[in-house]
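# Structural characterization, general
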Amino acid sequence: MRIHPTRLTASARLAAVSGWLLALAGWRCAGQPPAGSCVAIGAPHTSNWDFCLMLALALHHRLRLVWLGKHTLFCGPLGWLMMWLGGVAVDRTRTNGLVETAVEAFRAHEQLILVIAPEGTRRRGVRWKTGFWHIADAAGVPVVLGYIDWRNKVVGLGPAMRTSGDLDADLMAIRAFYQPYER
């Protein structure tokens, strides 16, 4: 598995079109793009549309993202498209050193935004996976809290927070931020 920044960069025109399409669908973008490298988490992850909204937000802000997805998304005729869009296939059925690989990627690249859905699935009520926290903590980068507010049709980037070294305390603070967006 290799993690490297995507080559996909939105032009000003594509960014404007993305914003226009979001507005046409009744959605708006909120928040400011991250200033540097970070682990961006996206929650709640309850629909396949989350992916489309994440891409629209990234194009609108002209962000070059790398995102993790289950390996089956990369099979078949659209696998190349998923990789071109910044996807990295992860086989969740076995351990694969993902945290170490991601930390090395942050060290190797001046600018890297790694997007992870901490739920790891679209099912409700699952326990969040903590790999995103371990990656951010070991790489010394902040966690940016990306969100989808389905009630108000807002896709946004919340605050950036540094890990404190206390996983449980940080998770409590992060979960408190996402409380209003739970469906």
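Let me sum up the structure you'll find in this document. On a predicted model such as this, the values are computed, not experimentally measured, just so you know. (Residues numbered from 1 in each chain as written. Predicted model: local features only at pLDDT ≥ 70, side-chain atom pairs only at ≥ 80, totals over all residues. Heavy atoms only, no water.)

Within the open sheet, the seven strands sit side by side as 1-7-6-2-5-3-4. Their pairing is mixed. Of all the strands in the sheet, just strand 1 (28–30) and strand 4 (87–90) have a single pairing partner and so form its edges. Between one strand axis and the next, the sheet turns by 25° as a mean value, whatever way the strands run. Pairing of strand 6 (residues 143–149) with strand 7 (residues 154–161), which is carried by six bridges, proceeds in the antiparallel orientation. In the sheet register, Asp149 faces strand 7, and the bridge partner there is Val154. Sitting on the sheet, helix 5 (residues 131–139) is in contact with strand 2 (38–43), strand 5 (113–116) and strand 6, with an inclination near 160° to strand 2. (Pairing = 2+ DSSP bridges. Helix = DSSP H or I, 4+ residues; strand = E, 2+ residues; numbered from the N terminus. Axes fitted to C-alpha atoms, helices over the stretch in contact; angles between N-to-C directions. Contact = heavy atoms within 4.5 Å.)

Right, let's talk about helix 6 (residues 167–178) for a bit. Counted at 1.5 Å a residue, the expected span for helix 6 with its 12 residues is 16 Å, and the 16 Å between its end C-alpha atoms agrees. The backbone nitrogen of Asp168 lies 3.3 Å from a side-chain oxygen of the residue at the head of helix 6, namely Asp166. (Expected span 1.5 Å × (residues − 1). Polar contact = N/O pair within 3.5 Å; in protein donor to acceptor, adjacent residues only side chain to side chain.)

Burial within strand 2 is extensive, with five of its six residues counted as buried. Pairing between strand 2 and strand 5: four bridges, direction parallel. When the sheet's bridge partners are listed, Ile41 is paired in strand 5 with Ile116. Bridging between strand 2 and strand 6 involves five bridges; their strand directions are parallel. Its bridge partner being in strand 6, Gly42 is matched across the sheet by Gly146. (Buried < 20%, exposed > 50% of the residue type's maximum accessible area, 1.4 Å probe, protein only.)

With that out of the way, let us pick up unusual backbone geometry. Backbone geometry places Arg62, a non-glycine residue, at a positive phi of 60°. Locating Arg62 in the fold gives a position in the loop between helix 2 (49–61) and strand 3 (65–70). Phi angles above zero are rare outside glycine, and Lys153 is one such case at about 55°. Tracing the chain through its elements places Lys153 in the loop between strand 6 and strand 7.

Strand direction decides the pairing type here: strand 3 and strand 4, joined by four bridges, are parallel. Within strand 4, the position partnered with Gly69 by the bridge is Ala89. Once the chain exits strand 3 it traverses helix 3 (residues 79–84) before rejoining the sheet at strand 4, and the crossover so formed is right-handed. (Right-handed = clockwise from strand over helix to strand, strands pointing away.)

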